[in-house]
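Here's the letter readout for the chains.
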Amino acid sequence: MFLLAGASLTAENSFNPTEMIVIPKTEYIIGEDCQTYTAKRTVNEFSIARYETVYSLWYSVMEKAKKLGYKFQNPGQEGSEGKYASSPTEQNSSQPVTMISWYDAIVWCNAYSETSGLTPCYTYKGKVIKDSTNTAPCDLSECNFFADGYRLPTEAEWELAARWHPAKNPGEDNVIASGGEVSYGEEREDGLSGYYWTSENTDRTHKVGTSGTAFEEIAFVAPGSGLCNAAGIFDMTGNVLEYCWDWYSNYDEQEEGKISSGPAYGSKRISRGGSWSEYTLFEYTGDRYSFDPNECYNYMGFRVVQSR
């Protein structure tokens, strides 16, 4: 594998796992050129994490949260091959957290908000959700999209961030994997290997933000040293599949003045972006997955957003 033009090598200590990117208010067609059913979406301005949630950040927040009465179904691990429930290691602390459920992710978002002095977004009957082992309140939870805390992206927010290109309209010539510049069906010399960690070029997770870098197995590769998409966001395609807030359903038309966040009830939650696993081969910006919110695998993770 070779270093593609545009990749920048950075020192490990310059990596900031909490860095956020602002996406402006935009109207676009969700699922355009990827799904049979599409719909118009208007997404308000929001901030999205530049990186998938890394294990070191997950672990730090989780340990603080336990002292505040938070409980987690699953303690997580470093990427696809890390030791379950262990302390972060120097080698793999910037791997994405995996082996957590959707329930764990929303409870962690509340914990991250509270430990950061922000207002948690997820509540049930007015109470902040703090226990991912008690799944019924999580299923019935409400999201306060006007709170300043951290939360999962809606499906519409996630796809907009994946498609975002300042020089183009979202959806324009965008049947691509996030960060690529070639539409589906066109040929490119390096295939997908330069842009995304998928089953075509790897059999495990990697440090966040390293796709597109050249390295030997024994070499040190800094997180954030690879290629990002046009918005400056890393790994929107590949590495790990990412949880979204929405219950899975066909797209409905968005009510004027309402936030598009999927149906109130369902059986499966949306995940997006594809991963290193051969079980998640769909990697284009409009491709969708759905999973039971209890499920957790070593190819599933998440990133956070904030309303603005």
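The rules we used
- Residues numbered from 1 in each chain as written.
- Predicted model: local features only at pLDDT ≥ 70, side-chain atom pairs only at ≥ 80, totals over all residues.
- Heavy atoms only, no water.
- Helix = DSSP H or I, 4+ residues; strand = E, 2+ residues; numbered from the N terminus.
- Buried < 20%, exposed > 50% of the residue type's maximum accessible area, 1.4 Å probe, protein only.
- Contact = heavy atoms within 4.5 Å.
- Areas by Shrake-Rupley, 256 points an atom, 1.4 Å probe, with all protein chains shown as cover.
- Phe/Tyr/Trp six-rings, centres within 6.5 Å; stacked < 30°, edge-to-face > 60°.
- Lys NZ or Arg CZ within 6 Å of the ring centre and 35° of its normal.
- Salt bridge = Lys/Arg side-chain N within 4 Å of Asp/Glu carboxyl O.
- Pairing = 2+ DSSP bridges.

**Thoughts on the overall build of the protein chain**
Part 1 of the reasoning: For the protein chain, the count of helices and strands is 4 helices and 14 strands.
Part 2 of the reasoning: Of all 308 residues assigned to the protein chain, the portion counted as buried reaches 56%.
Part 3 of the reasoning: The long-range fraction of contacts in the protein chain, counting pairs at least 24 apart against all pairs at least 6 apart in sequence, stands at 70%.
Part 4 of the reasoning: With the model as given, the accessible surface of the protein chain reaches about 13,600 Å², and the carbon-plus-sulfur share is 47%.

**Comments concerning the packing of aromatic side chains**
Part 1 of the reasoning: On inspection of all chains with the given rule, the structure shows 16 aromatic pairs.
Part 2 of the reasoning: Taken together, a centroid distance of 5.2 Å and an interplanar angle of 5° make the contact between tyrosine 51 and phenylalanine 234 stacked. Of this pair, tyrosine 51 sits in the loop between β4 (46-49) and α1 (55-66) while phenylalanine 234 sits in the loop between α4 (155-163) and β10 (241-247), placing them 183 residues apart in sequence. With respect to class, tyrosine 51 is no different from phenylalanine 234; both count as buried.
Part 3 of the reasoning: Their ring planes at 10° and their centres at 4.0 Å tell us that tyrosine 112 and tyrosine 150 sit as a pair that is stacked. With a gap of 38 residues between them, tyrosine 112 in helix α2 (residues 102-115) and tyrosine 150 in the loop between β9 (142-143) and α4 connect regions that are remote in the sequence. Judged on exposure class, the residue tyrosine 112 and its partner tyrosine 150 are both buried.
Part 4 of the reasoning: Clustering of aromatic rings is evident, with ring pairs tying together Trp58, Phe72, Trp108, Tyr112, Tyr150 and Phe302.
Part 5 of the reasoning: Directly above the ring of tryptophan 245 sits arginine 269, whose terminal nitrogen or CZ lies 4.8 Å from the centroid.
Part 6 of the reasoning: Positioned above the aromatic ring of tryptophan 247 is the side chain of arginine 269, whose terminal nitrogen or guanidinium carbon lies 3.6 Å from the ring centre.

**Focus on the pattern of salt bridges**
Part 1 of the reasoning: The tally for this structure, following the rule as stated, stands at 12 salt bridges.
Part 2 of the reasoning: In this structure, glutamate 27 and lysine 40 form a salt bridge, with 4.0 Å as the shortest nitrogen-oxygen distance. With a gap of 13 residues between them, glutamate 27 in strand β2 (residues 26-30) and lysine 40 in strand β3 (residues 39-43) connect regions that are remote in the sequence.
Part 3 of the reasoning: Where arginine 272 meets glutamate 155, a salt bridge forms, and the shortest distance between an N and an O atom there is 3.0 Å. One end of the pair, arginine 272, is in strand β11 (residues 269-272); the other, glutamate 155, is in helix α4, with 117 residues separating them in the sequence. Accessibility classification places arginine 272 together with glutamate 155 in one group, the buried group.
Part 4 of the reasoning: Several salt bridges converge on common partners, so that one network encompasses Glu155, Glu159, Arg163, Arg272 and Arg288.

**A look at α4**
Part 1 of the reasoning: Judged by how many residues are buried, α4 sits mostly within the fold: 9 of 9 residues are covered.
Part 2 of the reasoning: Taken residue by residue, α4 has Glu155, Ala156, Glu157, Trp158, Glu159, Leu160, Ala161, Ala162 and Arg163 as its buried positions.

**Observations concerning the sheet that holds β9**
Part 1 of the reasoning: Across the sheet, 3 strands lie side by side as β8-β7-β9; this open sheet has antiparallel pairing. Strands with a single pairing partner mark the edges of an open sheet, and in this sheet they are β8 (127-128) and β9.
Part 2 of the reasoning: By the bridge criterion, 2 bridges tie strand β7 (residues 122-124) to β8 in an arrangement that is antiparallel. Looking at the pairing, tyrosine 124 lines up with lysine 127 of β8.

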